[in-house]
Structures are given as C-alpha cells and as structure tokens.
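Residue strings, one per chain:
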Amino acid sequence: MTTISNRLQDILATIQSAEAASAYHQHVELLAVSKAQPASAIREAYTAGQTIFGENYSQEALEKQKQLTDLAIEWHFIGPIQSNKTQLIGQNFSWVHSVDRLKIAQRLNDARASIKMPLNVCIQVNVSNEDTKSGVLPDQLETLAEAISLLPNLKLRGLMAIPAPSIDPAQQIAQFAQVRECYDALIRRGFALDTLSIGMSNDYESAISQGATIVRIGSALFGARANVKNTALSTNNDT
Ligand SMILES: *Cc1c(COP(=O)(O)O)cnc(C)c1O
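Since this is a predicted model, take the numbers as computed values, not measurements.

K.L.:
Please clarify how the environment of A111 should be interpreted in this entry.
P.N.:
Mapped onto the elements, A111 comes out in helix 5 (residues 102–111). Accessibility expressed as a relative area gives 2% for A111, which makes it buried. Each C-alpha atom, one on A111 and one on G79, is 17 Å from the other, the two residues being 32 residues apart in sequence. Sequence-distant contacts of A111, defined by excluding residues within four places in its chain, comprise T86, Q87, G90 and Q91.

Shown next as structure tokens:
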C-alpha cells in the first residue's frame, strides 16, 4: 500500500532531480496542499517530515489548525480571498500566495498589525487570461507590487500563478516561462523578490525548469480529493 510517507519521498526525489537539472540553480520547497484532507492526513505527512502546508478555505483551515496546535506547521493560504475573511487569514497564516488586488492587501495589512512577524505575500498573476478570473494581469503587476511594498505589515516575496492546465510539457513550460518573465521584470525594476510559487501535481517538474522556488502539491501527495468543490481551479468563494 502506498502511504503519504512513500509519496512524500517520491515527490522529494523528483523535486531534487528537477532542481539539479534546472538552469536557475534554485532551492525548491514543497508546499503540501492539504485542502479537503483531514487533520489526520496532515499529521501523517508531518510525521514523515513535511512542515509546510497550504490551504484554500480559511474556515476549513482554521478547524484543522485547532486540531494540530501541537505541531510546528508553517501555514500558507493559497485560495481566493473574500474581503470578509482577511482578518482570519491575516492572523492565522505565515504566507498568503493569492493576493491579487490592493484592497485585499490593505485589509491583510490591517489584520496583521497586532502580530510582530510581517505576513509574507505573493501576488497571483494571471498569464493564461482565462477562466479562473483570479490573478492580476501582467500589465497591472508593477503598480500592485509598488503599492503592496508600501504596506508595513506585509512582505512582498514574489509571484504565484495557476496557468491553464495542460498535459503537454511544452505548453506547461511556455506558460511558466511567462510567469518567470513577469518575475524577472519586477526584479529588474528593483523589487527584492525571492519566491516563485508555480507548479502543482501534474506540472511541477516543468515549473522547476522555469525557476519555481515553491511547488504546491496536493493530490500527488495525499491522493485524489473526494470533494469536487475543492478542485484546483475552483472559482467558488472561500466559504
Ligand atoms: C488545489 C491547489 C493546488 C494543488 O493541486 P494538485 O493538482 O492537487 O497538486 C495547488 N495550488 C492551488 C492554488 C490549489 O488550489
């Protein structure tokens, strides 16, 4: 029987060889995406050595966090953000990958005021220009990055993207290369970024070839998710 621990070791080995083959010489971290998984699965992955977990739904995440307070987990929020959830998200996560408008960034900044550590954020960029509607368009990226940089309780770390799913590695690479270009353009403009959050279960090797520093992996680690609501490209609100 394949366990979470077995799958974790396989994924880490794959990451390592993709890293070795990458021209960017970057270090890649695995973010275990535990949406729709019970706290027990998170505990199992943690026991196998995984400490960074990503969640899409704030309410669901908080319930699991309560059951796992004995573990030193670093929690990342990666889902769509409704403005009435910014308080919860800003106070209960170390990272938010899915910031795509200034109003949300400002509310997260306010929520973070009482906490000493700044909230690490990535801007979600939409390079596929399609169905998810999440993510800022590349031509609006610099303006948003500029504004976020001025918020004292947020630390802008980089970019996140969810390109249109494809099983063709060439197409995966072409889309990740566009995200990479956006990232390099911001760095040329003087932004001190160190995080490129791209790649999921079906395309993380392609993402690593384009310089991913965080890959967000759910189903390859935990197995298929039962609940169709919680699919990767869900446009559902964070309920
Ligand atoms: C669900 C999800 C993932 C993980 O997707 P898998 O295909 O299961 O690896 C990664 N990133 C985001 C934003 C997601 O919503």
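K.L.:
Explain the environment of I148 to me, please; I cannot follow it from the model alone.
P.N.:
Examined against the element boundaries, I148 turns out to sit in helix 6 (residues 141–149). Assessed through its relative accessible area of 1%, I148 is described here as buried. Through-space distance from the C-alpha of I148 to that of Q59 is 25 Å; in sequence the pair is 89 residues apart. If we ignore the near neighbours within four places in the chain, the residues touching I148 are V99, A105, V121, I123, L154 and L156.

K.L.:
Teacher, can you tell me more about the site of the ligand here?
P.N.:
In the neighbourhood of the ligand, 13 residues make up the surrounding shell, with K35, N56, S201, S219 and R225 lying closest. Measuring from an oxygen atom of the ligand, one finds a backbone N or O atom of G218 at 2.8 Å. When isolated, the ligand has an accessible area of 390 Å², and the protein chains bury 96% of it. A class-by-class count of the residues in the shell around the ligand yields six nonpolar, four polar and three charged.

Conventions and cut-offs
- Residues numbered from 1 in each chain as written.
- Predicted model: local features only at pLDDT ≥ 70, side-chain atom pairs only at ≥ 80, totals over all residues.
- Heavy atoms only, no water.
- Helix = DSSP H or I, 4+ residues; strand = E, 2+ residues; numbered from the N terminus.
- Buried < 20%, exposed > 50% of the residue type's maximum accessible area, 1.4 Å probe, protein only.
- Contact = heavy atoms within 4.5 Å.
- Near = heavy atom within 4 Å.
- Polar contact = N/O pair within 3.5 Å; in protein donor to acceptor, adjacent residues only side chain to side chain.
- Areas by Shrake-Rupley, 256 points an atom, 1.4 Å probe, with all protein chains shown as cover.
- Nonpolar A, V, L, I, M, F, W, Y, C, P; charged D, E, K, R; others polar.

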